[in-house]
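Here's the letter readout for the chains.
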Amino acid sequence: MAALLEVENLRTHFATRNGVVRAVDGLSFHVDAGETVAIVGESGCGKSVTSLSILRLVDQPPARIAGQIRFGGRNLAALGEAEMRDLRGNEIGMIFQEPMTSLNPLLTIGRQIAEPVMLHQGLDRVAARARALEMLTLVGIPAPERRLDDYPHQLSGGMRQRAMIAMALACNPKILVADEPTTALDVTIQAQIIDLMRDLQRRTGSAIILITHDLGVVAEMAARVVVMYAGRKVEEADVATIFTDPRHPYTRGLLGAVPRPGSRGTNTRLAEIPGSVPSLIKPLVGCAFAGRCPKAGDICRRAAPAWREVGPGHGAACHFAAGAA
Amino acid sequence: MSTTLLDVRDLVKHYPVGGGLFGRRAETVHAVDGVSFGVDAGETLAIVGESGCGKSTVGKVVLGLAPPTAGRVSFGGTDYADIGAADMKRVRRRLQVVFQDPFSSMNPRMKVRDIVAEPLENFGVIDGRSAITDRVRDLLVRVGLPADALNRFPHEFSGGQRQRICIARALAPGADLIVCDEAVSALDVSVKAQIVNLLLDLQAEYGLALLFISHDIAVVEHMAHRVAVMYLGKIMEIGDRDVLFAQPAHPYTRALLSAVPVPDPAVRRGRAALAGDLPSPIDPPRGCRFHTRCPLAFDRCRVDEPALRAVGSGRLAACHLDQPADA
């Protein structure tokens, strides 16, 4: 089966006063129809820039996007802005972290959900409003007919995120880009939104690219996981394999650094990853993780590791990936 | 026998909002509404809860940064209400704070040396410029920073390193208790682990008590000795960590714990999903504050507010149900 979305050798570089920041540096991955792929990593690893590059929401210049982003037979990286507009909010939906800043405070919720439907699907005002009502009902907003005429500030954080999801799904997108969709929410509300997104995915069959730093959210939602570090993919596998048989020392470090519910003990220390993320301005020689890696040898500081398949659908960019079981 | 270092009794903190200008009726935010707890020397008490539950306000009042509306706070046996500014300063020396955002809790124009030296000078802990510098250098090394950090500015450090500077500043005057208000929440996973480990090491070394205010349940489960769960200005449940996490007694505790996503795809746990949103603290629900979202609420919960009472294994829970945990 051909992939729904295929990213190949994506490079998003930003020209800054201090030099070129290689935010995303040669990333490849794909998303199948109806699948949830999580892109995980810490601040500055390039996961958000990846999502913005797919949506072409980074300003060029200062950014430069190179590589291929194939979706429905087209290369999004080379598409004109008008064609991109036709896709955004239509075939490609998006949800961002902070619903308060992604919603227009001056327009009612109903109007904001109806707008893309009128624009992309040519529905008239009345039909679009009916669609908006249907979407608000679908995402579980109580008294949806009243909420249609509410402004964003009249909704709670959780309700706003539901409204964002309603807007993102209104045009039945084939793929939904969700950048930290639950990070700003309280845990009980986060649980509601995760359940909602899983349920809606089953019903609408849309694929999801889930950008997150939260391994708990990954475990609950994703089918496949791409781990990023310093703008590059360091490991990829299905979700069970990532958690049970991680091969890259960075993936192992991340998993060890998270306190597990149920594993109580004030005396146990969390596994640390020493040091911090390297600068993305200086060209990276060798493996980007070498400076923090417990296993790093001479070769790691000299040569960037090639991508190695270590199992079906499981690969890692580590010189020692194969042996490190 | 451990000694109670911090004692908070029936603490109430209300904030007036609105009103005034257009003759609208002034309203009151019931940020904290009758909260009692103690923290022993060398122990970690975590206060967990979601936004707006009042956990940070408790921290502010404990630090003396906001006067309580009612109730008493005492530290080392000294009641805040009985003392003047000079005595309060003595209390504040032993009571320090680390905030969430290491980017906004340090003066960007001060060198690290001066940031950490400030409490030493303020409280007159050490005299003499070079003696102070020596002490600052020791503290920086102790929290895992290079000694040459002394002459650099905060912006030269990463988030985790800045949080280390804040911890050094809190340790400087010889704190007995550090209020950590979401002290690790803004940090990346790998750095968060570094800071959590550092706090545990320092606690063991100096016998520090921590009032650990956080919404990060996993970190709390890892670090705390005892846990207080707050909801809309009230403590819903308080008790030993092991018991509270193994057998949460209050329906809210259960919902809160089960809402935390588990970083293990093999675990598919049944979730005690909570419907609805947090009610407004301006007009909190009558009766039990949790009744609007509680799956087990019955008539009495809507009118009669439950008091905290013992529910076994040293726990206190504010719920009308007889044995809420096993119901």
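What you see is a predicted model; the values in this text were computed from it and never measured.

Draft legend 1. Local environment of the overall build of chain B. A count of helical and extended segments in chain B gives 10 helices and 12 strands. For chain B, the C-alpha atoms occupy an extent of roughly 70 × 55 × 50 Å along the three principal directions.

Draft legend 2. How the structure looks around the overall build of chain A. When you go through chain A residue by residue, the secondary structure sums to 12 helices and 12 strands. Against the 2.2 N^0.38 benchmark of 20 Å for 325 residues, chain A shows a C-alpha radius of gyration of 21 Å, consistent with a compact globule. Principal-axis analysis of the C-alpha atoms gives chain A an extent of 65 × 50 × 45 Å. Evaluated residue by residue, chain A yields a buried proportion of 50% over its 325 residues. Taking all contacts inside chain A whose residues are at least 6 apart in sequence as the whole, residues at least 24 apart take part in 63%.

Draft legend 3. The arrangement of helix α3 (residues 112-122) of chain B in detail. Residue and element names in this part refer to chain B. The complete set of buried residues in α3 reads V112, I115, V116, A117, P119 and L120. On the buried face of α3, the contacting elements are α4 (129-142) and α5 (159-171). Directly after α3, the chain includes G124, whose backbone phi takes a positive value near 60°.

Draft legend 4. Fine view of the interface of chain A and chain B. On the chain B side, the residues contacting the 38 residues of chain A number 38 residues. Mapped by element, the contributors of at least two residues to the side of chain A that touches chain B are α7 (157-169), α8 (187-204), α9 (215-221), α10 (239-244) and α11 (249-257) of chain A. Top element by residues in the side of chain A that touches chain B is α8(A). It accounts for 7 residues.

Draft legend 5. Layout of the packing of α11(A) against helix α6 (residues 189-206) of chain B. Interhelical geometry of α11(A) versus α6(B) gives an angle of 50° and a closest axis separation of 8 Å. Considering their axes alone, α11(A) and α6(B) lie oblique with respect to each other. Crossing geometry of α11(A) relative to α6(B) is assigned as left-handed. Judged by residue contacts, A:G253, A:L254 and A:A257 of α11(A) engage B:V189, B:S190, B:K192 and B:A193 from α6(B). Tallied by class, residues from the contact of α11(A) with α6(B) come to 4 nonpolar, 2 polar and 1 charged.

Draft legend 6. Main features of the environment of B:A318. Residues and elements named next belong to chain B. If you trace the backbone, A318 turns up in the segment after β12 (316-317). For A318, a count of 24 C-beta atoms within 10 Å corresponds to the buried category. For the pair A318 and P154, spaced 164 residues apart in the sequence, the C-alpha separation amounts to 44 Å.

Draft legend 7. A look at the packing of α3(B) against α4(B). All names here are of chain B. Running from N to C, α3 and α4 cross one another at 115°; their axes reach a closest spacing of 9 Å. Seen along the crossing, α3 lies across α4 with a hand that is right-handed. Contacts from R113, V116, A117, L120 and E121 in α3 reach I132, T133, R135, V136, L139 and L140 in α4. Residue composition of the contact of α3 with α4, by class: 7 nonpolar, 1 polar and 3 charged.

Draft legend 8. Quick look at α5(B). Residues and elements named next belong to chain B. The end-to-end C-alpha distance of α5, which contains 13 residues, comes to 19 Å, matching closely the 18 Å that a straight helix rising 1.5 Å per residue would cover. Counted residue by residue, α5 has 12 buried out of 13 residues, so it is predominantly covered. Buried within α5 we find G160, Q161, R162, Q163, R164, I165, C166, I167, A168, R169, A170 and L171. Buried positions along α5 lie against β6 (95-98), α3, α4, β7 (177-181) and α6.

Draft legend 9. Representation of the pairing of strand β3 (residues 36-40) of chain A within the structure. All names here are of chain A. Most of β3 sits out of view: 5 of its 5 residues are buried. Residues of β3 alternate between two faces, with T36, A38 and V40 on one and V37 and I39 on the opposite face, all of them buried. Where β3 lies against strand β8 (residues 207-212), 5 bridges are found, and the strand directions are parallel. Paired with V37 across the strands is I209, a residue of β8. Sheet topology note: the β3/strand β9 (residues 224-229) ladder contains 4 bridges and is parallel. Paired with I39 across the strands is V226, a residue of β9.

Draft legend 10. Examining the sheet that holds strand β2 (residues 19-31) of chain A more closely. Residue and element names in this part refer to chain A. Read across the sheet, 4 strands follow the order β2-β1-β4-β5 without closing on themselves; strand pairing throughout is antiparallel. The open sheet has two free edges, formed respectively by β2 and β5 (74-75), since each of these has just one partner strand. Pairing of strand β1 (residues 5-16) with strand β4 (residues 63-71), which is carried by 8 bridges, proceeds in the antiparallel orientation. Across the sheet, residue E8 finds its bridge partner in β4, namely Q68. With respect to the sheet, helix α1 (residues 47-54) is in contact with β1, β2 and β4, its orientation differing from that of β2 by roughly 70°.

Draft legend 11. Region of the structure containing the sheet that holds strand β2 (residues 27-40) of chain B. Residues and elements named next belong to chain B. Read from one edge of the open sheet, 4 strands run β2-β1-β4-β5, paired in antiparallel fashion. Each of the sheet's edge strands pairs with one partner strand only, and the pair in question is β2 and β5 (78-79). Across 11 bridges, strand β1 (residues 4-17) lies against β2 in antiparallel orientation. Within β2, the position partnered with V17 by the bridge is E27.

Draft legend 12. Layout of the environment of A:T108. Mapped onto the elements of the fold, A:T108 is located in the loop between α3 (99-102) and α4 (109-121). With residues up to four places along the chain from it excluded, the contact list for A:T108 reads A:L148, A:D149, A:D150 and A:Y151.

Draft legend 13. Representation of unusual backbone geometry. Residues and elements named next belong to chain A. For the bond running from Q60 to P61, omega is -15°, close enough to zero to count as cis. Looking at where P61 falls in the secondary structure, it is placed in the loop between α1 and β4. Look at the link from P61 to P62: it is a cis peptide, with omega at 10°. Mapping P62 onto the fold places it in the loop between α1 and β4. You will see that R56, though not glycine, has its phi angle at about 60°, which is positive. Judged by local crowding, R56 falls into the buried class, with 21 C-beta atoms found within 10 Å. Its identity as a non-glycine residue notwithstanding, A143 has a phi of 50°, on the positive side.

Draft legend 14. How the structure looks around the confidence of the model for chain B. Within chain B, residue pLDDT values average 89, and 94% of them lie at 70 or more. Here the complex is predicted with pTM 0.86, and the ipTM for its interfaces comes to 0.80.

Calculation notes
Residues numbered from 1 in each chain as written. Chains lettered and ligands numbered in written order. Predicted model: local features only at pLDDT ≥ 70, side-chain atom pairs only at ≥ 80, totals over all residues. Helix = DSSP H or I, 4+ residues; strand = E, 2+ residues; numbered from the N terminus. Rg over C-alpha atoms; globule rule 2.2 N^0.38 Å. Buried ≥ 20, exposed ≤ 12 C-beta atoms within 10 Å, placed from the backbone. Contact = placed C-beta atoms within 7 Å. Axes fitted to C-alpha atoms, helices over the stretch in contact; angles between N-to-C directions. Parallel < 35°, antiparallel > 145°, perpendicular 65-115°, else oblique. Left-handed = near helix turned anticlockwise from the far one by under 90°. Nonpolar A, V, L, I, M, F, W, Y, C, P; charged D, E, K, R; others polar. Expected span 1.5 Å × (residues − 1). Pairing = 2+ DSSP bridges. pLDDT = per-residue confidence, 0-100.

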